[in-house]
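Chain and residue survey
As a plain string of letters, each chain reads:
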Amino acid sequence: MYWKSNKGSAFDTDEIIEFAKQNGWVLVDSLEYPSGNSKTEHSNNVPDSSHAMTQHEISMYEKFPRWIKSNTKIYRFKTGWVTIEPGTDNSTDINGFVILGNENTEMEIYHVWGE
């Protein structure tokens, strides 16, 4: 899902995290992500393992459509659901992502589950 507001700081991080918590999502961590507006830039700017993302999470993230073109902050959540890497037994329950643009006027939400 994607939302955009013309009002500055429309999306409040504390409210987002509290809403997620009320719906069973547990915040794992957050990380900064540099801007990139093409598929090539996007792939080259995927957060690397130094940010504690698994290869499976990185491959999920690479497939997300990207509407926000500015620098972003990614919040990763355990959702209670499971994502399984196709053809393997590898799974993760860190599969909820909230992405905010650097001025908190844009927000993307992803919940990936299944195989």
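Read on for a plain summary of the structure. Remember, predicted model here, so these are calculated numbers, not experimental data.

**Description of the side chain of Thr72**
The topology assignment puts Thr72 in strand β3 (residues 72-84). Taking the relative accessible area as the measure of exposure, Thr72 reaches 2% and is therefore buried. In contact with Thr72, other than residues within four places in its own chain, are Leu31, Glu32, Tyr33, Arg66, Ile99, Leu100 and Gly101.

**Regarding the pairing of strand β5 (residues 106-111)**
Direction of pairing for strand β1 (residues 2-4) relative to β5: antiparallel, over a ladder of three bridges. By the bridge assignment, Tyr2 is partnered in β5 with Glu108. Of the pairings in the sheet, the one linking strand β4 (residues 91-101) to β5 comprises five bridges and is antiparallel in character. Bridging across to β5, Val98 finds its partner in Ile109.

**Digging into the environment of Ser91**
Mapped onto the fold, Ser91 is located in strand β4. According to the relative accessible area criterion, Ser91 is partly exposed, its value standing at 48%. With 23 residues separating them along the chain, Ser91 and Gly114 place their C-alpha atoms 9.3 Å apart.

**Observations concerning the packing of aromatic side chains**
Scanning all chains against the criterion turns up three aromatic pairs. The interplanar angle of 65 degrees and the centroid separation of 4.8 Å between the aromatic rings of Trp81 and Trp113 together place this pair among those described as edge-to-face. Pair noted here: Trp81 is in strand β3 and Trp113 is in the segment after β5, with a separation of 32 residues, a long-range link. Residue class for Trp81 comes out partly exposed when judged on its relative accessible area of 43%.

**So, the pairing of β3**
As paired strands, strand β2 (residues 26-33) and β3 are joined by seven bridges and run antiparallel to one another. When the bridges of β3 are listed, Leu31 appears paired with Ile74. Summarising the sheet, β3 and β4 pair through nine bridges and their orientation is antiparallel. For Phe77, the partnering residue across the bridge sits in β4 and is Gly96. Linking two consecutive strands that pair antiparallel, namely β3 and β4, is a turn of six residues; a positive phi of about 80 degrees is found at Gly87 within it.

**Observations regarding the layout of surface pockets**
Empty space within the largest pocket amounts to approximately 230 Å³. Mapped by element, the contributors of at least two residues to the lining of the largest pocket are α1 (13-22) and β5. With three residues, α1 is the single largest residue contributor to the lining of the largest pocket. Its residues placed into classes, the lining of the largest pocket shows nine nonpolar, one polar and no charged.

**Here we look at the nonpolar core**
One finds Phe11, Ile16, Ala20, Trp25, Tyr75, Phe77, Val98, Leu100 and Met107 forming the largest nonpolar core, which totals nine residues. Secondary-structure elements contributing two or more residues to this core are α1, β3 and β4. Formed by eight residues, the second largest nonpolar core is a distinct cluster that contains Leu31, Tyr33, Ile74 and Ile99.

What counts and what doesn't
- Residues numbered from 1 in each chain as written.
- Predicted model: local features only at pLDDT ≥ 70, side-chain atom pairs only at ≥ 80, totals over all residues.
- Heavy atoms only, no water.
- Helix = DSSP H or I, 4+ residues; strand = E, 2+ residues; numbered from the N terminus.
- Buried < 20%, exposed > 50% of the residue type's maximum accessible area, 1.4 Å probe, protein only.
- Contact = heavy atoms within 4.5 Å.
- Pairing = 2+ DSSP bridges.
- Phe/Tyr/Trp six-rings, centres within 6.5 Å; stacked < 30°, edge-to-face > 60°.
- 1 Å grid on protein atoms, 1.4 Å probe; cavity = no way out; pocket = protein on both sides within 12 Å on 5 of 7 lines; lining within 4 Å.
- Points joined across faces, edges and corners; volume = space filled by probe spheres on them.
- Nonpolar A, V, L, I, M, F, W, Y, C, P; charged D, E, K, R; others polar.
- Core = buried A, V, L, I, M, F, W, Y, C linked by side-chain atoms within 4.5 Å.

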